[in-house]
Amino acid sequence: MKIAKVSSRCECQARLGAELDEDRKVLRGWSRDIRNRTLVSPCTLAGTEGERFHLVWLCAVCGRNTLRSFDAGALVFQDVPEASGPHQSA
Ligand SMILES: [Zn+2]
């Protein structure tokens, strides 16, 4: 499968990150605090407008819902090995 990583910064200066698949489905989201600890932060797609799409993180560092916009054309996809297990997607 191919995934792209996006990153941004929360108001609290935590670094926000997420991995998306080619359908712009969020696979996982995280935030990284100033001590470089990585915390799981739910991230969801909040809408698309053509090539633009919006992601909302629930920042685990400060608890804010942080909306950031990205340009689909700027996503860089990388091939990653399919996770082993019963979940084979067509
Ligand atoms: Zn934050």
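These notes cover the structure that comes with them. Every chain's residues receive numbers from 1 upward, in the order its sequence appears when written. Reporting of local features is limited, given that this is a predicted model, to residues whose pLDDT is at least 70; pairs of side-chain atoms are given and counted only at 80 or more, and all residues count toward the totals for whole chains, interfaces and linings.

**Here's the deal with the pairing of strand E6 (residues 52-58)**
As paired strands, strand E5 (residues 43-49) and E6 are joined by six bridges and run antiparallel to one another. In the sheet register, Leu45 faces E6, and the bridge partner there is Leu55. In terms of strand pairing, E6 meets strand E7 (residues 65-71) through seven bridges, oriented antiparallel. Across the sheet, the residue bridging to Val56 is Leu67, located in E7. Two strands make a pair as long as DSSP finds a minimum of two bridges between them. The secondary structure listing takes helices from DSSP runs of H or I that are at least 4 residues long and strands from runs of E that are at least 2 residues long, numbered from the N terminus. Connecting the antiparallel pair E6 and E7 is a turn made up of six residues, with Gly63 showing a positive phi of about 85°.

**Considering the environment of Phe77**
Structurally, the position occupied by Phe77 is in strand E8 (residues 77-79). Placed 21 residues apart in sequence, Phe77 and Val56 show a C-alpha to C-alpha distance of 20 Å.

**Details of the sheet that holds E5**
One open sheet accounts for three strands, arranged E5-E6-E7; its pairing is antiparallel. The open sheet has two edge strands, E5 and E7, and neither has a second partner. Strand-to-strand twist of the sheet, defined as the mean angle between neighbouring strand axes without regard to direction, takes the value 25°. Inter-axis angles, ranging from 0 to 180 degrees, are taken between N-to-C directions of lines fitted to C-alpha atoms, where helices are fitted over the stretch in contact.

**Brief notes about the environment of Arg37**
Along the chain, Arg37 turns up in the loop between strand E3 (26-32) and strand E4 (38-40). The class for Arg37 is exposed, based on 11 C-beta atoms found within 10 Å. With 23 residues separating them along the chain, Arg37 and Ala14 place their C-alpha atoms 9.8 Å apart. Every C-beta atom is placed from the backbone, and the number of other C-beta atoms within 10 Å of a residue's own sets its class: buried at 20 or more, exposed at 12 or fewer, partly exposed in between.

**Observations regarding the sheet that holds E3**
Note: strands within a sheet are paired through backbone hydrogen bonds, in either parallel or antiparallel orientation. Taken in spatial order, the five strands line up as E4-E3-E2-E1-E8 in an open sheet, and their pairing is antiparallel. Every interior strand has two partners, whereas the edge strands, E4 and E8, have only one. Going from strand to strand, the sheet's axes swing by 30° on average, the running direction of each strand aside. Examined bridge by bridge, strand E1 (residues 2-9) and E8 share three bridges and lie antiparallel to one another. By the bridge assignment for E8, Ile3 is matched with Gln78.

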